[in-house]
Amino acid sequence: MIKKFDKKDEESGSGSNPFQHLEKSAVLQEARIFNETPINPRRCLHILTKIIYLLNQGEHFGTMEATEAFFAMTRLFQSNDQTLRRMCYLTIKEMANISEDVIIVTSSLTKDMTGKEDVYRGPAIRALCRITDTTMLQAIERYMKQAIVDKVPSVSSSALVSSLHMVKMSYDVVKRWVNEAQEAASSDNIMVQYHALGLLYHLRKNDRLAVSKMLNKFTKSGLKSPFAYCMLIRIASKLLEETEAGHDSPLFDFIESCLRNKHEMVVYEAASAIVHMPNCTARELAPAVSVLQLFCSSPKAALRYAAVRTLNKVAMKHPSAVTACNLDLENLITDSNRSIATLAITTLLKTGSESSVDRLMKQISSFVSEISDEFKVVVVQAISALCQKYPRKHSVMMNFLSNMLRDDGGFEYKRAIVDCIISIIEENPESKETGLAHLCEFIEDCEHTVLATKILHLLGKEGPRTPSPSKYIRFIFNRVVLESEAVRAAAVSALAKFGAQNDDLLPSVLVLMQRCMMDSDDEVRDRATFYMNVLQQKQKALNAAYIFNGENTHCAPSLNLRALVCVDISGPIQEVRLCLSVSSVPLANTPITEQKTEFAPVATSKLPEKPGPTRQDIYQEQLAAIPEFQGLGSLFKTSEAVQLTEAETEYVVRCVKHTFARHMVFQFDCTNTLNDQLLQKVMVQMEPSEAYEVLHYVPAANLPYSQPGSCYSLVRLPEDDPTAVSCTFSCTLKYLVKDCDPNTGEPDDDGYDDEYVLEDLEVTVADHIQKVLKPNFAAAWDEVGGDFEKEETFALASVRTLDEAVGNIISFLGMQPCERSDKVPENKNSHILFLAGVFRGGHDVLVRSRLALADGVTMQVTVRSSDETVVDIILASVG
Amino acid sequence: MDTVTLEPSLYTVKAVLILDNDGERLYAKYYDGTYPSVKEQKAFEKNIFSKTHRTDSEIALLEGLTVVYKSNIDLFFYVIGSSHENELMLMAVLNCLFDSLSQMLRKNVERRALLENMEGLFLAVDEIVDGGVILESDPQQVVHRVALRGEDVPYSEQTVTQVRKTALITSFISTYYTAQCGICSIALLTFHSPET
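The rules behind the values
Along every chain, residues carry numbers that run from 1 in the direction the sequence is written. Think of it this way: whatever chain is written first is A, whatever ligand is written first is 1, and the rest follow in order. Reporting of local features is limited, given that this is a predicted model, to residues whose pLDDT is at least 70; pairs of side-chain atoms are given and counted only at 80 or more, and all residues count toward the totals for whole chains, interfaces and linings. Values reported for side chains reflect all heavy atoms of the structure, with hydrogen atoms and water molecules removed beforehand. Runs of E in the DSSP output that reach at least two residues are strands. Runs of H or I that reach at least four are helices, and both are numbered from the N terminus. Whether a residue is buried, partly exposed or exposed follows from its accessible area with a 1.4 Å probe, protein chains only, as a fraction of its type maximum: under 20%, in between, or over 50%, in that order. Every residue pair with non-hydrogen atoms within 4.5 Å of one another is taken to be in contact. Classification of ring pairs rests on two measures: the distance between centres of Phe, Tyr or Trp rings, Trp counted by its six-membered ring, which must be within 6.5 Å, and the angle between planes, read as stacked under 30 degrees, edge-to-face over 60 and tilted in between. For helices, the axis comes from a line fit to the C-alpha atoms of the stretch in contact; other axes are also lines fit to C-alpha atoms, and the angle between any two N-to-C directions lies between 0 and 180 degrees. The scheme is simple: roughly parallel for angles under 35 degrees, roughly antiparallel for over 145, roughly perpendicular for 65 to 115, oblique for anything else. Two helices crossing with the near one rotated counterclockwise from the far one by less than a right angle form a left-handed crossing, whereas a clockwise rotation gives a right-handed crossing. Put simply, Ala, Val, Leu, Ile, Met, Phe, Trp, Tyr, Cys and Pro go in the nonpolar bin, Asp, Glu, Lys and Arg in the charged bin, and everything else, Gly too, in the polar bin. The pairing criterion is simple: DSSP has to find at least two bridges between the two strands.

A count of helices and strands for chain B gives 7 helices and 7 strands. Ordered by position from N to C terminus, the α and β elements of chain B give β-β-α-β-β-β-α-α-α-β-β-α-α-α. The proportion of buried residues among the 196 residues of chain B is 53%. Here the contacts in chain B between residues at least 6 apart in sequence split such that 50% fall between residues at least 24 apart.

So, in structure tokens, the structure goes:
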């Protein structure tokens, strides 16, 4: 079977590729011998092979040259050489999209597909269907129907598969062949069976009943082909999911019975289908898990891989179901296929105990460099989950992560590691210094701007509070010298935080700032100038306002605003305050629109990123459109919606409370769930318990069935008694009912008044306070000062744990927990909670609450604010 | 756990590749639009090769795709499918391809022998996978269908009528080709209809 190649090819040595230096033009030139008579099958075959080889290498053929070669090739149909003929079919398929007028060969192919030579028939059908369009398909429909039920398997399979390809293009024609496909499905040949099933499903997939009937038939009669079984399992599990049938359905029984099939392929497909089903219980999973366990010790790598990959998925949701396989998974750790080993280890990390962590980590590190990025990310995620589960193991993890950080890898991989390290630092104060050191090392040689800025921000936040902050300065200043603008700007911000917090470092920081003021980038220069001016004042309050807790202001206002600050900063503090009243603007109101996108990761890493208007902005706009509410000033706070009715009642009403400086607006969103009623003039009458005064009602004119509408009430807050922050309103829905036709919605002319009692609505202290995040609470505490500080001690008898107490306080006061103090460390008897907020009217409020656990919780609350009344209000409401 | 159940489908194989021991493409067939351009395909092949040529393990997950592979002397065979695909099905395709070639090349599965039988390879892959659907998984059947035999039918065995018809058709085709005329094409099609 050794071919005679051109002399040149033979000379080029045995190891070379005879096709290597093929020239497209030379090959096309050679193709002229197709026209020679008599046909030399061997030479022609070789030239066709070259053409297909070139196409396969991705060589581009122009339409003209392709058409020319194609037409020359059609002449080769005269030869009876089998291989040559088959290569002609291949050429037709390869050139179908490149050459013009390929339909010229239709009749030759039709002849071959209906001829006596079985070897030609299958491939001829496939080539023919490749060049046929819908109209032509009708012409050969008769032959296709015959071919589908042909007794020669290759012919039948070819016809079925080609029909499947044609379904996309000519669904209506192929649909008519269902009966033939049905007949083919009962063929003895396993591939014919598989292809027939596939075609039948594609034709019927939109008809759930037909699919279910088909499933029923085949699951009963049983099939020979393992491929067909896999297909059946997929169809069954899809149907189960769509119909949300319970796991007692016969379809589930069928899938489960496939776990005992003699083909591994089928068993695996069934196990995988069960594992992927939503809401599977551990008991239903058990048989699937036990076959996967058997596969773990298979000699076939693909089977082991498939099994452990599926077990890994089970472990995410049901770790306990996989623990039985731990021993088998242990054996896979040393598997020569690294993908299998990685999956085995990450699965074990999810299911194993704390004691095995060290050993597993050692195992992974031995081959982490050999696996692909996809798996590395999987490993990092597993570690991240593990750190949360076993916080005591952080030193092992940190070590491991730092090694991974040094290795090569893509952005996704590096980001996963950095995120993981940051979360460890935040969870475990002991690991802070090692973690920061690793990150410093990483940014020395980091090509990803986003990661560098993120780390610099973290350094600025955490670095100054470590025992030896000076060692980080070098790393940060190196960034200023070496990196791109975004990183330089972030580095300047970080430097400022060191200068503001560490007096002994301040002189050196100022020198460094001076250098930054000569930077070539505007943003860097502006930041440096701004911080320089603030730092030179050496006033704690200024530092706190503009360096630690000014994150919102740094990025939000335009540069002009900052320039203004620089000018005025030499004046007294009060004046600066006025210029920059932005700092007391609550968190959610901060406009984020002008932010430079490249700095977004620095500034908003703590904020939820909200491009566009916030929920409150939308409400503000809506309220401003109502004439009665003009002149109330800007909206201070909008609460979450409160339901005033049960979920399934005739009318559904929920209330949103909007707080203004001296007023409150209650927005009632009402929905009418009765389709035979139209409500008009809908309003909610409110009876206050305290000195609150209802000024206006704005009714909703019409409330048709299922279209929500809003009515409003305007309430004035008592001015003579500012401490009356809480109040209870009893509410009644009042409206005019008109009966209407449920179908047309046409109302009767007459109506009658009616009312509907709603649940009471409460206004609490939380409605008067807006959350503000102070990244550096201690600095904010000093800034507000102790002028109006009050302290009181309470006993919370009904509360049993510190967690519960913390949760209660936060939700009661509606303030923002700072410094992650909302998380109570385990096994501690005391805790300090820091809360920050802004009271209605723009006064900062800070609360420090010390909690001690002993027979209930004892709480010592210290409140500071810029206004004495506010302090009193808070303490009064807590008590 | 992703609960994305894939649409049950016969389209199983995304690509079949054969590379040599320098990672050069000897054969590549992509069945869907995952890698539409030649440039993307070559980049993918480079990535695959760099990740697999050193290790002798059969399966890997790359760029979100499941890759099953097998190497022999200086050849690397790959079958690629979706990461949700049944790995054993892909393995069945790979084994069928390898065993078919092994028989066709008389157990001499290496680069030189393969290059000398490229048409055999082309035909075999065509019999195993058609447009992404597994057409046949039994190597015996594949070898039988590829049937590399009867190459040497001498020209003299063609009958005189065949030769005469050949000449006639040739003249028709050339007329058609130069004129590019629709009427001629109809004439040709009717002439060529399978009455013999």
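Before going further, it helps to spend a moment on the packing of aromatic side chains. Residues and elements named next belong to chain B. Tallied over the entire structure, the rule returns 20 aromatic pairs over all chains. Aromatic pair F49 and F76: ring centres 5.3 Å apart, planes at 85°, arrangement edge-to-face. Residue F49 is found in helix α1 (residues 38-52), and its partner F76 is found in strand β5 (residues 75-82); the two are separated by 27 residues along the sequence. Of the two residues, F49 and F76, both sit in the buried class. Taking the centre distance of 5.4 Å and the plane angle of 90° together, the rings of F77 and F98 count as edge-to-face. Residue F77 is found in strand β5, and its partner F98 is found in helix α2 (residues 87-104); the two are separated by 21 residues along the sequence.

Here the focus is the packing of helix α9 (residues 153-167) of chain A against helix α12 (residues 190-204) of chain A. Residues and elements named next belong to chain A. Running from amino to carboxyl end, α9 crosses α12 at an angle of 20°, the nearest separation of the two axes being 9 Å. When the axes of α9 and α12 are compared, the pair comes out roughly parallel. The handedness of the crossing between α9 and α12 is left-handed. Facing α9, whose interface residues are P153, S156, S157, L160, V161, S163, L164 and V167, α12 presents M191, V192, H195, A196, G198, L199, H202 and L203. Of the residues assigned to the contact of α9 with α12, the class counts are 10 nonpolar, 6 polar and no charged.

Let's shift gears to the sheet that holds strand β3 (residues 59-62) of chain B. Residues and elements named next belong to chain B. Pairing in this open sheet of 5 strands is antiparallel, and the strands run β2-β1-β5-β4-β3 from one edge to the other. Each edge of the sheet is formed by a strand with only one pairing partner; in this case those strands are β2 (25-30) and β3. Each strand axis lies, on average, 20° off the axis of its neighbour in the sheet, ignoring direction. In this sheet, β5 lies alongside strand β1 (residues 13-20) in antiparallel orientation, the contact comprising 7 bridges. Residue pairing across strands places V16 opposite V79, the latter belonging to β5.

The analysis is restricted to geometry; functional conclusions fall outside its scope.
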